[in-house]
Amino acid sequence: MNASPHSETTIGATVLGYPRIGRTRELKKALEKYWAGNIDVAALNEAARAVRLDALDTMAGAGLDTVPVNTFSWYDHMLDTAVLVDAIPARFRDVSGTDVLAGFDAARYFAMARGTGTVPPLEMTKWFDTNYHYLVPEIGPDTRFTLRATKPVAEYAEAVARGVSPRPVVVGPFTFLSLAKAEAGAPDDFSPLSRLNDLVEVYAELLAVLADPGVAWVQIDEPALVRDLNDAQVGAVARAYERLAAVKHRPKILVATYFGSPVETLPVLAGTAIEGLALDLLRGPDFDEVAGTPGLAEKSLVLGAVDGRNVWRNDLTASRLELDRWRGAVRDVSVSTSCSLLHVPYDVEIETDLDPALKEVLAFADQKLAEVVALHGALHGRFPDAFSASDDVVSRRDLVPGLLRPDVTARAAAMTADDRQREPRHVRQTAQRERLTLPLLPTTTIGSFPQTRAVRVARADFAAGRSDLTAYTERMQAEIRDVVALQERIGLDVLVHGEPERNDMVQYFAEQLDGYASTRAGWVQSYGSRCVRPPILYGDVHRPEPMTVEWATYAQGLTAKPVKGMLTGPVTMLAWAFVRDDQPRAVTADQVALALRDEVIDLEAAGISMIQVDEPALRELLPLRAVDHQAYLDWSVGAFRLATSSVAAHTQVHTHLCYSEFGEIIEAIDGLNADVTSVEAARSDMELLASISERGFDGDIGPGVYDIHSPRVPDQAEIEVLIGLALTSVPAERLWINPDCGLKTRGYAEVEPALIHMVEATRAVRARI
Ligand code: GLN
Ligand code: ZN
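Rules and cut-offs
Sequence order sets the numbering: in each chain, residues are counted from 1 along the sequence as written. The naming scheme follows written order: chains are lettered A onward, ligands numbered 1 onward. Per-residue local features are limited, in this predicted model, to residues with pLDDT of at least 70; the limit for side-chain atom pairs, both in listing and counting, is 80 or more; totals at the level of whole chains, interfaces and linings are taken over all residues. The basis for every side-chain value is the complete set of heavy atoms in the structure, and neither hydrogens nor water enter the calculation. Nearness is defined per residue: one heavy atom within 4 Å of the molecule or strand is enough. Counted as a polar contact is a pair of N or O atoms within 3.5 Å, where, for protein atoms, one must be capable of donating a hydrogen and the other of accepting one, and residues adjacent in sequence contribute only when both atoms are in side chains. Under the scheme applied, nonpolar residues are Ala, Val, Leu, Ile, Met, Phe, Trp, Tyr, Cys and Pro; charged residues are Asp, Glu, Lys and Arg; polar residues are all the others, including Gly. The rule for pairing is simple: two strands pair if DSSP sees at least two bridges between them. In this description a helix means any DSSP run of H or I spanning at least four residues, a strand means any run of E spanning at least two, and both kinds are numbered starting from the N terminus. A contact between two residues is defined here by any heavy atoms of the two lying within 4.5 Å. Between N-to-C directions, angles span 0 to 180 degrees; the directions come from axes that are lines fitted to C-alpha atoms, helices contributing only their stretch in contact. Each metal site lists N, O and S donors within 2.8 Å (3.2 Å for Na, K and Ca). With water left out of the atoms, a site can look as if it is missing ligands. Working rule for geometry: tetrahedral if four donors all subtend angles between 85 and 135 degrees; square planar for four, octahedral for six, if opposite donors exceed 155 degrees and the others stay between 65 and 115; irregular in every other situation. Orientation categories follow fixed angle ranges, with anything under 35 degrees roughly parallel, anything over 145 roughly antiparallel, 65 to 115 roughly perpendicular, and all other angles oblique. When the near helix sits turned anticlockwise from the far one by under a right angle, the crossing is termed left-handed; a clockwise turn instead gives a right-handed crossing. In this scheme Phe, Tyr and Trp rings, the latter by its six-membered ring, pair at centre separations within 6.5 Å, and the angle between planes marks the pair as stacked below 30 degrees, edge-to-face above 60, and tilted otherwise. Only protein chains enter the accessibility calculation, which uses a 1.4 Å probe. A residue is then buried if its area is under 20% of the maximum for its type, exposed if over 50%, and partly exposed in between. Lysine and arginine charges are scored as sitting over a ring when NZ or CZ, respectively, is within 6 Å of the ring centre and within 35 degrees of the ring normal.

Structural notes on the site of ligand 1
Right, on to step 1. Lining the immediate surroundings of ligand 1 are Ile446, Gly447, Ser448, Glu499, Met505, Met566, Asp614, Pro616, His656, Cys658, Cys741 and Gly742.
Right, on to step 2. Between a nitrogen atom of ligand 1 and a side-chain N or O atom of Glu499, the distance comes to 2.8 Å.
Right, on to step 3. Residues of the shell around ligand 1, tallied by class, amount to six nonpolar, four polar and two charged.

Right under this line is the structure:
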């Protein structure tokens, strides 16, 4: 074989995937119109085609040698993989219509994604430690896998016709099954991974099908290989890829790993007859650790030197030095992004409001294409101007206005363990009981009330300059008055102001903090047609002035009941932003914590007796490898404590955590040392309470007793049952009653009766104990 850059056998400059929602969110808009019945399937297909062709043209135009295809999706690539292998759960088999997308019934496809009136959709969860959500496949002992290759074949043909060198991408069988859940009714000990051999046969067929039209390489994504694997799993991976490599007439196989290092499986994959491996150089293996792996030097390596999921411009010279080491040791090296560019916006050039000094240190998807091409060229002795430009910009990064704030770093450095320590819990409990005089089983909510259209319009009008500050403030105060009055009518014990002024719980604070920048159009797909615009945390974080105090004190002035101050915690402020990569996240988190600490101090001084600091993202940033958990929990818990430990014993600190899989972070919940912790629990029958109690957690806890993720109104009796269950693990003195999460996505028509039922159920239980 020949290792020259443009021979057929090498992949060359490439990326593992490209954004697919459309530069101006065309696909989102087309989907929403299609779902509303305003456009037909032909128009949807046309919009999708335009998005794909733009991707192909952009990637090829930037100079990539080969480009990924089948990375487009109408909704989600895990859903597409379920369709590819025909793993369609039984409840969707009867859903059908007349529209077809790449050979598949469109009604059934979108039913799996979004449900219908009667059929619930697939569950959705986070894709590894990113903010992308995928649909969870449901696999059972009898799921019949059948190949349906229409989509990859069509996207390949479309790209060939466009004159580019395409490489079909599919989610690999191991990752697909690792991320699947057992279908309802499967035996307790059934694991989807037990179906690997059957599924691999479908992939073997797929390889043969792709060989026919002349596909040179197929990329099989296996990010699940960067998590902890046991010996049985490693063996299963080895057998799967030996089998696929043994397919006679097939394209070359590139197994792509990202988000970490495939520590356990790298040696076995290097020993199989697959031709290529993609490695994430940012989070993945260290050259010195793996370069000597037997067989690796014979593979084609696709090295992800450009960060695919963050927005910082690459230091091309540093990357080139790293790549040179690999090239010295490996036969065939190609350059890529560390993962799909799905996780970053399209183009920084269209951002007109960013400080030019900041803008030049940023790289979105299109800028990353150019970086990959420059780095690949350098491997072959071509050094375009990009290198000196990169050196210049990298040397200027610290000069971005506001990036370095010596006052902030000095303050953070001066913090000691005492600054993260409150008085002992029993002292706080006594002081708070005296001050707050709450009933047994206090009732409350998590913060937001329904964000009605009127509220969103009022915010948008103010942001666009169509209304002035006075009019806006009056409008928001009117909303707060209504929400407080409603809570009093319902009889809740601890009130909230309802968060009408917040567009998003992170963006709202990011816009008020120094060190964060916002983009105008930096949209990233979150799931389906949903996009988010994460702020960019680029510099030392500082709070120039109070952020929430006016709203909180206004609300408190309306009622004799306590109103909770409401803040977003430091970990979540990092998790839902693009975070600077020039210092450890622990340092950045402490800076955010100090800004929040100032806010907490001001809220307390303004007479607010309870302050809730939400950390819904604490679980999602948990590292993929167990060895990294402790270090993460140390800094994340430490930052939360830094934000919340300044207050007097009689000020009550609440936190809210938004999920029910606590297994791995139960100790952290205790470590946060909040006085009251509310958690999602309604859907899991309070199971987690028992485990929390077993660990000796002695703070107050508010398990969600009302599932706000569905429009369904729970009745009083079922809430009473949940409260009864909770009381079997938590003494009444420490139990709070609240919904699962904020109410902003719900309507008043559901929220009001649901909260009334919650309060009545609580009263009924109180009367019995
Ligand atoms: N206080 C926020 C709200 O009620 C919390 C949201 C969340 O946990 N994601 O909306
Ligand atoms: Zn929540």
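Structural notes on the sheet that holds strand β14 (residues 514-517)
Right, on to step 1. Sheet architecture is open: three strands sit in the order β14-β17-β19, paired in mixed fashion. With partners counted over all chains shown, the strands left at the sheet margins are β14 and β19 (578-579), one partner each.
Right, on to step 2. Of the strand pairs in this sheet, β14 and strand β17 (residues 536-542) are connected by three bridges, and their pairing is antiparallel. Paired with Tyr516 across the bridge in β17 is Leu537.
Right, on to step 3. Contacts from helix α22 (residues 585-605) reach β14, β17 and β19 within the one sheet, and its direction differs from that of β17 by about 55 degrees.

Quick notes on the sheet that holds strand β18 (residues 564-568)
Right, on to step 1. The five strands are arranged β18-β20-β21-β22-β23 in an open sheet whose pairing can be described as parallel. Edge positions in the open sheet fall to β18 and β23 (700-703), since each of these has one partner strand only. Averaged over all neighbouring strand pairs, the angle between strand axes comes to 20 degrees, with direction disregarded.
Right, on to step 2. Bridge analysis of strand β20 (residues 610-614) against strand β21 (residues 652-657) gives five bridges, and the strand direction is parallel. Bridge pairing in β21 places Val613 opposite Thr655.

As for the coordination of the zinc ion (ligand 2)
Right, on to step 1. Around the zinc ion (ligand 2), the protein supplies His656 (NE2), Cys658 (SG) and Cys741 (SG) as donor atoms, at distances of 2.0 to 2.2 Å.
Right, on to step 2. Around the zinc ion (ligand 2) sit four donor atoms; with metal-centred angles ranging over 89 to 127 degrees, the donor geometry is tetrahedral.
Right, on to step 3. Summarised as a motif, the one-chain spacing of the donors to the zinc ion (ligand 2) is H-x1-C-x82-C.

With respect to the packing of α22 against helix α23 (residues 629-644)
Right, on to step 1. Relative orientation of the contacting elements α22 and α23 amounts to 20 degrees, with a least axis distance of 7 Å. By the angle between their axes, α22 is roughly parallel relative to α23. Crossing angle aside, the handedness with which α22 passes α23 is right-handed. Across the interface between the two elements, Arg585, Ala586, Ala589, Asp590, Ala593, Leu594, Leu596, Arg597 and Val600 of α22 pack against Trp635, Gly638, Ala639, Leu642 and Ala643 of α23.
Right, on to step 2. Residue classes in the contact of α22 with α23 are distributed as 10 nonpolar, one polar and three charged.

Focus: the packing of aromatic side chains
Right, on to step 1. Considering all chains together, one arrives at 17 aromatic pairs under this definition.
Right, on to step 2. Consider the rings of Tyr18 and Tyr346, whose centres lie 5.7 Å apart with planes at 85 degrees: the pair is edge-to-face. Here Tyr346 lies in the loop between β13 (332-337) and α12 (356-359) and Tyr18 lies in the segment before α1 (26-35), a separation of 328 residues in the sequence.
Right, on to step 3. Judged by its relative accessible area of 3%, Tyr18 falls in the buried class.
Right, on to step 4. Judged by centre distance (5.5 Å) and plane angle (70 degrees), the rings of Phe383 and Phe387 are edge-to-face.
Right, on to step 5. Among the aromatic residues, ring-to-ring pairing joins Tyr34, Trp35, Phe72, Trp74, Tyr75, Tyr109 and Phe110 into one connected group.
Right, on to step 6. Of note, Arg25 hangs over the ring of Trp523, and the distance from its end group to the ring centre comes to 3.8 Å.
Right, on to step 7. One residue, Arg533, lies across the ring of Trp523, its end atom 5.1 Å from the ring centre.

Shape is all these values report; function is a separate question.
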